[in-house]
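Below are the chains, spelled out letter by letter.
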Amino acid sequence: MLCSNVVLFSDGSVKWSSFSFTRLVALGTIVCSVFAVSFGPFIAMGQLPQVLSRLFPFKRGLCHAYWAPNFWALYNAVDKALSILGLKLKLLDADGASKASMTGGLVQEFRHTVLPSVSPLTTFICTLVSIIPAVLCLWRKPQGPRGFLRCLIICALGSFMFGWHVHEKAILIAILPLSLMAVDNRRDAGIFIILTTTGHLSLFPLIFTAPEQPIKILLMLLFTIYSLASLQRLFRKEGSLLSWLEAVYLTGLVPLEVFCEVVYPLTSWQQTLPFLPLLLTSVYCALGVTYSFFKLYLSMLTEPEGMQKRKDQ
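What you are looking at is a predicted structure, and each value in this text was computed from that prediction instead of being measured. (Residues numbered from 1 in each chain as written. Predicted model: local features only at pLDDT ≥ 70, side-chain atom pairs only at ≥ 80, totals over all residues. Heavy atoms only, no water.)

**Student:** Quick question: what am I supposed to make of the overall build of the protein chain here?
**Tutor:** Helix and strand counts for the protein chain stand at 13 helices and two strands. When each of the 313 residues of the protein chain is scored for burial, the buried share is 41%. Expressed as a percentage of contacts within the protein chain between residues at least 6 apart in sequence, the contacts between residues at least 24 apart total 70%. If you sum the accessible surface of the protein chain, you get close to 18,000 Å²; carbon and sulfur atoms cover 71% of it. (Helix = DSSP H or I, 4+ residues; strand = E, 2+ residues; numbered from the N terminus. Buried < 20%, exposed > 50% of the residue type's maximum accessible area, 1.4 Å probe, protein only. Contact = heavy atoms within 4.5 Å. Areas by Shrake-Rupley, 256 points an atom, 1.4 Å probe, with all protein chains shown as cover.)

What follows is the structure, given as C-alpha cells:
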C-alpha cells in the first residue's frame, strides 16, 4: 500500500519500485481515525488514564498470578533456584531474601533475589528486539502471503515471550494463525504440534474444578491425536513430524499432568508448596513455547529465496 509501483513474482515475492508519500499519508489517516473513534469518547469523558492503566498494567508486576509459559517464567524459575541454592549454601542473607514473593499466587509487584529485577522498559526493549529481525527480513526479502503470516506469528510470539504481565491465554494469538501454516510443509507442521500441545496444556490450571477435569483432558487428547495423525498422513512421504527428542519432551507432559492432578493433591505439599503445580506446568510448557519460537524464527531467517517458488510449483 505504501508503494506506487509493485511487481508480484510467481514465487510470491514482491518488488517495491518506488515509495509513495501519498499512500503513507492515507494509511496514517486511516490508523489515526481508528484510534480517534476508539479513544475519543474516553478522552472526552476524562477517563483515558483509566483505560491506559488497564492496557498497560505496570503496577501489577512482571508476571500474572499464574506465570504465562514464556521467557520470564524461565527467568523467575532460575532466580528462585539460585535463591534457594544461595540460602542452602549460606551465600544469601535469609532476612534480605524475598520469601514466596513470585510464587505466592498473587498479582503484585516483586523483586528478584539474585538476578536483576525486570522493569517495564526492559520488557519493551526485549519485545522490540525480538520482532525487529523478522520485520526487517520481511521488508528486505518479501515472501508473499506465507512470509507475511510467518512474520505475524513471530511478532505475536515475541510479544508473548517478552511482554509485561502477559496472560497465559495470549498464546492462542500465535496458535490460531499457525494452524494455517501447519498444512503447508512438514517443518511448520512439527512446530504446530509442539506449540499447540504445550500451549493448550499450559491453560489447564485455568480450568481447575473437578467436573471440568475429564472434559479438558478428553478435548485436548482428541485435538492432539487428530492433528498429529492428520498432519503425519499429509506429510507421510517426508518422514516423521517430530524428532525423537521433541517426541520425548511432549511425552513428558503426561507424567507432569498426572503429578499435578493426581499425585500432588494426595501429598502434604498442598499446604507447604501450594504454587508447585503451577510452577512446574508453566516452566515445562515454557520450554516448548520457547523452542517453537526460536525454531519458527530460524525457519524465516534461513529459508532460501527459491523455496517459495518450489512450493507453488
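Don't stop here, the text continues.
**Student:** Looking at this structure, how should I read the nonpolar core?
**Tutor:** The nonpolar side chains of a soluble globular protein tend to be buried, and buried together. Among the nonpolar cores identified, the biggest contains 65 residues, and Ile153, Leu157, Ile171, Leu178, Leu195 and Leu231 are the most heavily contacted of them. Apart from the residues within four sequence positions on either side, leucine 195 is in contact with Leu157, Ile171, Ala174, Ile175, Leu178, His200, Val289 and Ser292. (Core = buried A, V, L, I, M, F, W, Y, C linked by side-chain atoms within 4.5 Å.)

**Student:** Whenever I open this one, the packing of helix α1 (residues 21-44) against helix α2 (residues 48-55) confuses me. Can you help?
**Tutor:** For any two helices packed against each other, the geometry comes down to the angle between their axes and how far apart the axes lie. Their axes nearest at 7 Å, the elements α1 and α2 cross at an angle of 130 degrees. The pairing of α1 with α2 is recorded here as oblique in orientation. Residue-level inspection shows Phe39, Phe42 and Ile43 of α1 in contact with α2, the latter providing Leu48, Val51 and Leu55. Residue composition of the contact of α1 with α2, grouped by class: six nonpolar, no polar and no charged. (Axes fitted to C-alpha atoms, helices over the stretch in contact; angles between N-to-C directions. Parallel < 35°, antiparallel > 145°, perpendicular 65-115°, else oblique. Nonpolar A, V, L, I, M, F, W, Y, C, P; charged D, E, K, R; others polar.)

**Student:** Could you clarify how one ought to interpret a nonpolar patch on the surface in this entry?
**Tutor:** Taken together, the side chains of Leu121, Phe124, Ile125, Leu128, Val129, Ile132 and Leu136 make up a nonpolar region of the molecular surface, amounting to roughly 650 Å² of accessible area. Of note, isoleucine 125 is situated in helix α4 (residues 120-140). Using a relative accessible area of 44% as the deciding quantity, one classes isoleucine 125 as partly exposed. (Patch = residues over 30% accessible without salt bridge, like charges linked within 9 Å, V, L, I, M, F, W, Y side chains within 5 Å. Salt bridge = Lys/Arg side-chain N within 4 Å of Asp/Glu carboxyl O.)

**Student:** Quick question: what am I supposed to make of the pattern of salt bridges here?
**Tutor:** Pairing between side chains of opposite charge can happen when their charged atoms approach one another. Taken as a whole and assessed by the stated rule, the structure comprises five salt bridges. Salt-bridge contacts for arginine 146 lead to aspartate 184; the nearest nitrogen and oxygen are separated by 3.0 Å. With a gap of 38 residues between them, arginine 146 in helix α5 (residues 144-162) and aspartate 184 in the loop between α6 (172-181) and α7 (186-201) connect regions that are remote in the sequence. Taking relative accessible area as the criterion, arginine 146 reaches 29% and is therefore assigned partly exposed. Classification of aspartate 184 as partly exposed rests on a relative accessible area of 27%. Note that arginine 150 and aspartate 188 form a salt bridge whose closest N and O atoms lie 2.9 Å from each other. With arginine 150 in helix α5 and aspartate 188 in helix α7, this pair connects stretches of sequence that are 38 residues apart. Residue arginine 150 shares its accessibility class with aspartate 188, and that shared class is buried.

**Student:** Please explain unusual backbone geometry as it appears in this structure.
**Tutor:** For residues other than glycine, phi is negative in most cases, and the peptide bonds are mostly trans. With a phi close to 60 degrees, lysine 90 is a non-glycine residue in the positive phi region. For lysine 90, the location among the structural elements is in the loop between α3 (71-88) and α4. A positive phi angle is found at histidine 165, which is not glycine, with a value near 55 degrees. Structurally, histidine 165 can be placed in the loop between α5 and α6.

**Student:** Looking at this model, I keep getting lost on helix α10 (residues 253-263). Mind explaining?
**Tutor:** Residues lying three or four places apart along an α-helix face the same way, a consequence of the helix completing one turn every 3.6 residues. Within α10 the residues assigned to the buried category are Leu253, Leu256, Glu257, Phe259 and Cys260. Looking straight down α10, one finds its buried side chains confined to an arc of 160 degrees; they lie on one side. Of the surrounding elements, those touching the buried residues of α10 are α7, α8 (213-234), α9 (244-251), α11 (269-272) and α12 (276-302). (Arc of directions from axis to C-beta.)

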